[in-house]
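Chain residues, written in single-letter form:
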Amino acid sequence: MTEEKFQKRIDREEKIEPKDWMPEGYRKHLIRQISQHAHSEIIGMQPEGNWISRAPSLRAKMILLAKVQDEAGHGLYLYSACETLGVSRQELVSQLHSGKAKYSSIFNYPTLSWADMGAIGWLVDGAAIVNQVSLQRTSFGPYSRGMVKICKEESFHQRQGYEIMAQMAQGTSEQKAMAQDALNRFWWPSIMMFGPNDSDSPRTGNAMKWKIKRKTNDELRQEFIDKTVNQAEIIGLTIPDKDLKWNDERQHYDFGEMDWDEFWSVVNGNGPCNKQRLNHHKKAHDDGQWVREAAKSYSQKKELIAN
Ligand SMILES: [Fe+2]
Ligand SMILES: [Fe+2]
């Protein structure tokens, strides 16, 4: 099948399945995007895992534990979707360890207080939902179906985070200050999660043409800001952007310029926790070697018995 026929299928909104013909560029783009997404789910377990043993109540601990486990599940769906494109799990993990594959930079910031669990659920999962809702309609079948399942859980994540923020904002003045401080630290990194501005995003063109992405970085960022400003107001917290203002003409919020030097510095490995996150993953992976070996020999044994 030619590229032209492929594009016609995309334009007819047909889903592309793993065994279908696809241009190499499409396959490569998907492997990069889906694996980056999978790595983000898994690395994202670390900043929150940091607080499981210090949650302020049994209820809070159970909710956080369930949330972090959900993220492991998201990682697994996504690695599986990625493997259907002809790349092995082992290869994906080694790309993460060598730095060839990236994950979302938001997870390279430390979690300093319990309020950060609120800010992450509310803002980070909130930003993830905006992106993932649009990815439910992505053109690659396994990715699209994975997203449908993931989105249901993400909305629980966003709500549990917002509940923590709302509770702290209504608590003592120290608790409210902690909530505001978490918002101050996570706001800008959260809106940078959508990636560079469209004008600096060279791959957006192909991703839109192939309907891998349905909305551009800037469209998604605007959507997230528009829906989050109101939520901050309701719980009495202030978004740390002096340029944030409703624009009647555009029917959207205007907002300030992001610090792109910081963005690229964190992407390129110089964030506060890049090394820590990656080293922790490598150690956990090495420690799990015996589990992979045991699983493999068990399945070989079962096969032997079956034959
Ligand atoms: Fe997730
Ligand atoms: Fe999540």
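Quick look at the structure, then. (Residues numbered from 1 in each chain as written. Chains lettered and ligands numbered in written order. Predicted model: local features only at pLDDT ≥ 70, side-chain atom pairs only at ≥ 80, totals over all residues. Heavy atoms only, no water.)

### Re helix H1 (residues 3–11)
Those residues of H1 that fall on the buried side of the exposure criterion are Phe-6, Gln-7, Arg-9 and Ile-10. Burial along H1 is one-sided: seen end-on, the buried residues are contained in an arc of 155 degrees. Every exposed residue of H1 that faces more than 90 degrees away from the buried side is listed here: Glu-4 and Lys-5. Downstream of H1 by one or two residues, Glu-13 has phi in the positive range, about 65 degrees. (Buried < 20%, exposed > 50% of the residue type's maximum accessible area, 1.4 Å probe, protein only. Helix = DSSP H or I, 4+ residues; strand = E, 2+ residues; numbered from the N terminus. Arc of directions from axis to C-beta.)

### Examining the layout of surface pockets
Taken as a whole, the second largest pocket encloses approximately 650 Å³ of empty space. Elements that contribute at least two residues to the lining of the second largest pocket include exactly helix H3 (45–49), helix H4 (58–83), helix H5 (89–98), helix H12 (274–287) and helix H13 (289–306). (1 Å grid on protein atoms, 1.4 Å probe; cavity = no way out; pocket = protein on both sides within 12 Å on 5 of 7 lines; lining within 4 Å. Points joined across faces, edges and corners; volume = space filled by probe spheres on them.)

### Topic: the nonpolar core
Within the largest apolar cluster, 53 residues are counted, with the highest numbers of intra-cluster contacts made by Trp-114, Met-165, Trp-187 and Phe-224. Broken down by element, this core gets its largest block of residues, 9 residues, from helix H6 (residues 115–135). With sequence-adjacent residues up to four places away left out, Trp-187 is seen in contact with Leu-123, Phe-224, Ile-225, Thr-228, Ile-239, Pro-240 and Asp-241. By size, the runner-up hydrophobic cluster in this structure holds 24 residues, among which are Ile-31, Ile-42, Leu-78 and Trp-210. (Core = buried A, V, L, I, M, F, W, Y, C linked by side-chain atoms within 4.5 Å. Contact = heavy atoms within 4.5 Å.)

### Focus on the coordination of the iron ion (ligand 2)
Any two of four tetrahedral donors ideally make an angle of 109.5 degrees at the metal, while pairs among six octahedral donors ideally make 90 or 180 degrees. For the iron ion (ligand 2), the full set of protein donor atoms is Glu-71 (OE), Asp-125 (OD), Glu-154 (OE) and His-157 (ND1), and the range of their distances to it is 1.9 to 2.2 Å. Note that the iron ion (ligand 2) binds 4 donor atoms; their angles at the metal cover 89 to 165 degrees, and the shape is irregular. Spacing between the donor residues of the iron ion (ligand 2) along the chain follows E-x53-D-x28-E-x2-H. Between the two metals, the iron ion (ligand 2) and the iron ion (ligand 1), the spacing is 3.3 Å, and Glu-71 donates to both. Of this pair, Asp-125 sits in helix H6 while His-157 sits in helix H7 (residues 141–169); the two residues are 32 residues apart in sequence, bridging distant segments of the chain. (Donors = N, O, S within 2.8 Å, 3.2 Å for Na, K, Ca; no water. Tetrahedral: all angles 85-135°; square planar, octahedral: opposite > 155°, others 65-115°.)

### Focus on the side chain of Gln-132
Note on placement: Gln-132 falls in helix H6. Residue class for Gln-132 comes out buried when judged on its relative accessible area of 3%. Dropping the residues within four chain positions of it, Gln-132 is found in contact with His-37, Glu-41, Met-147, Ile-150, Cys-151 and Glu-154.

### Some thoughts on the packing of aromatic side chains
Per the stated rule, a full pass over the model turns up 10 aromatic pairs. Measuring from centroid to centroid gives 6.5 Å for Trp-51 and Trp-114, while their planes differ by 65 degrees, and the two rings are edge-to-face. Of this pair, Trp-51 sits in the loop between H3 and H4 while Trp-114 sits in the loop between H5 and H6, and the two are 63 residues apart along the sequence. Across the pair, exposure class does not vary: Trp-51 and Trp-114 are buried alike. Taken together, a centroid distance of 6.0 Å and an interplanar angle of 20 degrees make the contact between Trp-187 and Phe-224 stacked. Placement of the pair is Trp-187 in helix H8 (residues 173–192) and Phe-224 in helix H10 (residues 217–234), with a sequence separation of 37 residues. Summarising the burial analysis for this pair, Trp-187 and Phe-224 share the class buried. Here the aromatic cluster, defined as three or more aromatic residues joined through ring pairs, consists of Phe-6, Trp-21, Tyr-26 and Trp-210. Positioned above the aromatic ring of Trp-51 is the side chain of Arg-54, whose terminal nitrogen or guanidinium carbon lies 4.0 Å from the ring centre. (Phe/Tyr/Trp six-rings, centres within 6.5 Å; stacked < 30°, edge-to-face > 60°. Lys NZ or Arg CZ within 6 Å of the ring centre and 35° of its normal.)

### Details of the pattern of salt bridges
Tallied over the full model, the rule gives 20 salt bridges. Across the pair Arg-89 and Glu-83 runs a salt bridge, and its minimum N-O distance is 3.3 Å. Residue classification places Arg-89 among the partly exposed positions, given a relative accessible area of 29%. Given the relative accessible area of 30%, Glu-83 is considered partly exposed. Here Asp-218 makes a salt bridge to Arg-221, at a shortest N to O gap of 2.9 Å. One end of the pair, Asp-218, and the other, Arg-221, are both in helix H10, 3 residues apart, so they sit about a helical turn from each other. The network of salt bridges with shared partners includes Arg-9, Arg-12, Glu-14 and Asp-20. (Salt bridge = Lys/Arg side-chain N within 4 Å of Asp/Glu carboxyl O.)

### As for the state of the cysteines
One pass over the structure, following the stated rule, counts 0 disulfides. With no disulfide partner, Cys-82 has as its closest neighbouring cysteine sulfur the one in Cys-151, 18 Å distant. According to the relative accessible area criterion, Cys-82 is buried, its value standing at 0%. (Disulfide = S-S within 2.5 Å.)

No statement about biological role is implied by the geometric values presented.
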